[in-house]
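Descriptive analysis of the structure
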Amino acid sequence: MAPYTSAQPALSWCIVGRGAIGLLAGARLQLAGYPTRLWLKQPANLQLNFTDIQQQNKQLCLLPQQTNSPVQRLLVPVKAYDVRHAVAQLMPYLANNAQLVISHNGIVPLQPLLEQLTPEQGLWFLSTSQAAYKPAPDHVIHSGTGSSYLAKLTAASWEDDDIVAAMTVALGPLSVVADIYPLLWQKLAINVAINPLTAIENCQNGQLAAPRYQPQIEALVSEVCQVATASGYPMDISSSLAKVYQVIAATTNNFSSMQQDVQAGRQTEIDAICGYVCQQAAQLNIAAPANKQLLMRIRALTTAT
Ligand code: PAF
């Protein structure tokens, strides 16, 4: 990770929450010279132990965001169902030209979020396959090398290069794309196949390589491909299935985010994953029984706990 070298001082970044991806980004930004602050429900210094991908340990201190200076750069790596609430809470503290980068699994309608912003504020979406986890609340481990895609959802502005540079440091290698939706649909195919099944079976991702899960995974992914294609994002079933099995193999010992949420009794992202597929399918008059079944099962599991 290259240190920040521009003649201009690096603008500070505010990161919402203390999730694994946010802390990974925060640690990498701070180590590269970007002043980095956390926006937490209970503001406090975080003495963070960061284990990088080379398994080197680094000690950092991430300070809480001060409310007396406007937030210029905001990374919102929170769950899909929390984004609107998190941004609404921060609105009074955002600079007039603040740039916001959101990042989560699944797809949620972005229009309500866009409507909250002023014309000079910018909204970006970052989709990442970097892997990180927290063995303790003050320890984040960068456990798997991935990459990230970044797209601007609002009009271009002169500040765009510095956002791309910072996000490359935080979660790169990074590619900038004009339209994030083809990638979001591809990631959705991976999440519908892995997340609910691992949560129901209470297993690591690798267990889904067993032949008995194949018919269900094929049905789930085939529904995503039909709905994405009918929505204007053509997706091919066999290459999408190949990607799903690649991710299962690459993350064989990982517990998916939904497995962890269900085990911890937390709300899951099922509405933005299978729920989004069902919603879009209904609008397009396409049947999506496999996604509907898992949507219902995960909802039942989480309301029962
Ligand atoms: O949500 C997750 O856990 C991840 O997106 C993925 C790719 C399924 C790997 O566990």
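First things first, this report covers the structure right here in the doc. Quick caveat, the model's predicted, so the values are computed rather than measured.

**Observations concerning the pairing of strand E8 (residues 131-136)**
As judged from the four bridges shared by E8 and strand E9 (residues 139-144), these two strands associate in the antiparallel manner. Bridge assignment links Ala132 to a residue of E9, and that residue is His142. Hairpin connection between E8 and E9: a loop of two residues separates the two successive antiparallel strands.

**Topic: helix H1 (residues 20-31)**
In an α-helix, one turn spans 3.6 residues, which is why side chains three or four residues apart end up on the same side. Over its twelve residues, H1 extends 16 Å from the first C-alpha to the last, a length consistent with the 16 Å expected when each residue adds 1.5 Å. For H1, the tally of buried residues reaches nine of twelve residues, placing the bulk of the element in the interior. When H1 is considered as a whole, its buried residues turn out to be Ala20, Gly22, Leu23, Leu24, Ala25, Gly26, Ala27, Arg28 and Leu29.

**What about the sheet that holds strand E1 (residues 13-16)?**
Strand order in the open sheet formed by eleven strands is E8-E9-E3-E4-E2-E1-E5-E6-E7-E10-E11, and the pairing between neighbours is mixed. One side of each edge strand has no neighbouring strand; the edge strands of this open sheet are E8 and strand E11 (174-176). When strand polarity is set aside, the average angle formed by the axes of neighbouring strands in this sheet is 30°. Where strand E2 (residues 36-39) meets strand E4 (residues 57-64), two bridges bridge the pair, whose relative direction is parallel. Bridging across to E4, Leu38 finds its partner in Pro64.

**Notes on the site of the ligand**
Taken together, the residues surrounding the ligand are Asn105, Lys187, Asn191, Ile194, Asn195, Asn205, Val247, Ser256 and Ser257. Contact distances for the ligand include 2.9 Å between an oxygen atom and a side-chain N or O atom of Asn205. Separating an oxygen atom of the ligand from a side-chain N or O atom of Ser257 is a distance of 2.5 Å. Coverage of the ligand by the protein amounts to 81% of the 280 Å² it exposes when considered alone. Top contributing element to the shell around the ligand by residue count: helix H5 (residues 181-201), with four residues. Considering only residue class, the shell around the ligand consists of two nonpolar, six polar and one charged.

**Brief notes about the pattern of salt bridges**
Under the definition given, this model contains seven salt bridges. In this structure, the salt-bridge partner of Asp261 is Arg266, at a minimum N-O distance of 2.9 Å. Of the residues examined, Arg266 reaches a relative accessible area of 42% and is grouped as partly exposed.

Calculation notes
Residues numbered from 1 in each chain as written. Predicted model: local features only at pLDDT ≥ 70, side-chain atom pairs only at ≥ 80, totals over all residues. Heavy atoms only, no water. Pairing = 2+ DSSP bridges. Helix = DSSP H or I, 4+ residues; strand = E, 2+ residues; numbered from the N terminus. Expected span 1.5 Å × (residues − 1). Buried < 20%, exposed > 50% of the residue type's maximum accessible area, 1.4 Å probe, protein only. Axes fitted to C-alpha atoms, helices over the stretch in contact; angles between N-to-C directions. Near = heavy atom within 4 Å. Polar contact = N/O pair within 3.5 Å; in protein donor to acceptor, adjacent residues only side chain to side chain. Areas by Shrake-Rupley, 256 points an atom, 1.4 Å probe, with all protein chains shown as cover. Nonpolar A, V, L, I, M, F, W, Y, C, P; charged D, E, K, R; others polar. Salt bridge = Lys/Arg side-chain N within 4 Å of Asp/Glu carboxyl O.

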